[in-house]
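# Examination of the molecular architecture
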Amino acid sequence: MQAAREEEVIAAAEACMDMIGTAFIPERAHFAGLAKGTHFQFGLPWGKHASATEALRDAMQAMQAGAQSVYCGMSPTIVEVLAREGVPVICHVGLVPPKATWTGGFRAVGKTPEQARDVLRAVRDFENAGAFAVELEVVPANLAAAITERSTMLTISLGSGSDCDAQYLFSADLLGENSGHIPRHAKVYRNFAAERERLQAERVAAYREYIEDVAEQRFPEKAHAVRMDEAVVAEALKNA
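Each value, and the rule that gives it
Residues numbered from 1 in each chain as written. Predicted model: local features only at pLDDT ≥ 70, side-chain atom pairs only at ≥ 80, totals over all residues. Heavy atoms only, no water. Buried < 20%, exposed > 50% of the residue type's maximum accessible area, 1.4 Å probe, protein only. Helix = DSSP H or I, 4+ residues; strand = E, 2+ residues; numbered from the N terminus. Pairing = 2+ DSSP bridges. Right-handed = clockwise from strand over helix to strand, strands pointing away. Phe/Tyr/Trp six-rings, centres within 6.5 Å; stacked < 30°, edge-to-face > 60°. Core = buried A, V, L, I, M, F, W, Y, C linked by side-chain atoms within 4.5 Å. Contact = heavy atoms within 4.5 Å. Polar contact = N/O pair within 3.5 Å; in protein donor to acceptor, adjacent residues only side chain to side chain.

## Remarks on the pairing of strand E2 (residues 39-43)
Regular strands have side chains that alternate between both faces of the sheet. Among the five residues in E2, four count as buried, and that is most of the element. As paired elements, strand E1 (residues 19-23) and E2 share five bridges and run parallel to each other. Directly across from Ile20, in E2, lies its bridge partner Phe40. What joins E2 to strand E3 (residues 69-71) is helix H2 (residues 52-64), and the crossover it makes is right-handed.

In structure tokens:
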């Protein structure tokens, strides 16, 4: 699976994707080096950091690993600490999955006047904290457009319409890696799930053929083994 993620980074960079992002975890710390010439964003995993100091330590390590920016889904207070130390921070507003129970579940955020004001307030708070960009996830498109007009931050749309400064889509959705429900905001460009199912069926078939070949003594054949001269064998076994 790790090799597959590396291949995704390389493919996205080769396709000239403007920005690539992934969670900053030890086994992916080298990913930024695979995408030379692309803005690489490492994300601080939600729930890992219990304080601003812990978040800043990881953010600094992410920058040292080659990131151009760091995603942080924590509060403006934490974002301010990172930004004050020169870390370019992307914040998150709207549907923030770990906080979905506070905003009514996995649905659009900002459709009522009260929610819209909350979204605007959050954007201003993060802007004042020093974030340079904000991910707007499943915010009504016209609200996202209004935010883009009013904010100095770069706005990144994930299901928030086409009027933001940039578009964001998970590779798993883009490549069709998931079976079943497809998010409304996603567009599927390939069907990797079906390809994985086909490859799994081929694995099972290959294993079965191997088992049958061994049972029927069709494997190994002479071509699969190394032999030595019979005289050498006899010499080796002479006193055995």
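## Some words on the packing of aromatic side chains
Inspection of the entire model under this criterion finds four aromatic pairs. Taking 4.9 Å as the distance between ring centres and 70 degrees as the angle between the ring planes, the aromatic pair formed by Phe40 and Phe42 counts as edge-to-face. Each of the two residues, Phe40 as well as Phe42, counts as buried. Between Tyr168 and Phe170, the aromatic rings sit 5.4 Å apart at their centres with planes inclined by 55 degrees, giving tilted as the arrangement. When its relative accessible area of 27% is taken as the criterion, Tyr168 is described as partly exposed. Put simply, the rings of Phe24, Phe40 and Phe42 touch in pairs and so form one group of aromatic residues.

## Here's the deal with the sheet that holds E3
Sheet architecture is open: seven strands sit in the order E1-E2-E3-E4-E5-E6-E7, paired in parallel fashion. Two strands bound the open sheet, and with one partner strand each, they are E1 and strand E7 (166-167). Relative to strand E4 (residues 89-94), E3 is paired through two bridges, and the arrangement is parallel. Across the sheet, residue Val70 finds its bridge partner in E4, namely Val89.

## Re the nonpolar core
Core analysis: the largest hydrophobic core is formed by 46 residues, its most contacted members being Phe40, Cys72, Leu82 and Leu136. Looking at this core, the elements with two or more residues in it are helix H1 (2-14), E2, H2, helix H3 (76-84), E4, helix H4 (113-129), strand E5 (133-137) and helix H5 (141-150). Residues within four places of Leu136 in sequence aside, it is in contact with Val93, Val123, Ala144, Ile147, Thr155, Ile156, Ser157, Leu158, Ser160 and Cys164.

## Structural notes on the environment of Thr38
With respect to the element layout, Thr38 can be found in the loop between E1 and E2. Given a relative accessible area of 8%, Thr38 falls into the buried group. Here Thr38 is in contact with Ala13, Met17, Asp18, Met19, Ile20 and Gln68, once residues within four sequence places are set aside.

## Observations concerning helix H8 (residues 230-237)
Burial analysis of H8 places just zero of its eight residues in the buried class, which makes it a mostly uncovered element. With a side-chain oxygen positioned 2.8 Å from the backbone nitrogen of Ala231, the residue opening H8 is Asp229.

## Overview of unusual backbone geometry
Of all residues except glycine, most have a negative phi; of all peptide bonds, most are trans. Cis geometry is found at the peptide bond from Phe219 to Pro220, where omega equals 0 degrees. Along the chain, Pro220 turns up in the loop between helix H7 (192-215) and H8. Positioned with a positive phi, Val138 is a non-glycine residue whose angle comes to about 50 degrees. Among the secondary structure elements, Val138 is positioned in the loop between E5 and H5. Under the relative-accessibility criterion, Val138 is labelled buried at 16%. Of note in this structure, Gln217 is not a glycine but carries a positive phi near 60 degrees. The residue Gln217 is located in the loop between H7 and H8 in this model.

## Focus on the environment of Gln115
Tracing the sequence through the fold places Gln115 in helix H4. Under the relative-accessibility criterion, Gln115 is labelled partly exposed at 23%. Separated by 30 residues in sequence, Gln115 and Ala145 place their C-alpha atoms 16 Å apart. Discounting chain neighbours no more than four positions away, the residues touching Gln115 are Thr103, Ala108, Val109 and Gly110.

## So, the pairing of E5
In terms of burial, E5 is a largely internal element, five of the five residues being buried. The side-chain alternation of E5 yields two buried faces, one formed by Ala133, Glu135 and Glu137 and the other by Val134 and Leu136. The sheet contact formed by E4 and E5 spans five bridges and is parallel. In the sheet register, His92 faces E5, and the bridge partner there is Glu135. The handedness of the E4 to E5 crossover, carried by H4, is right-handed.

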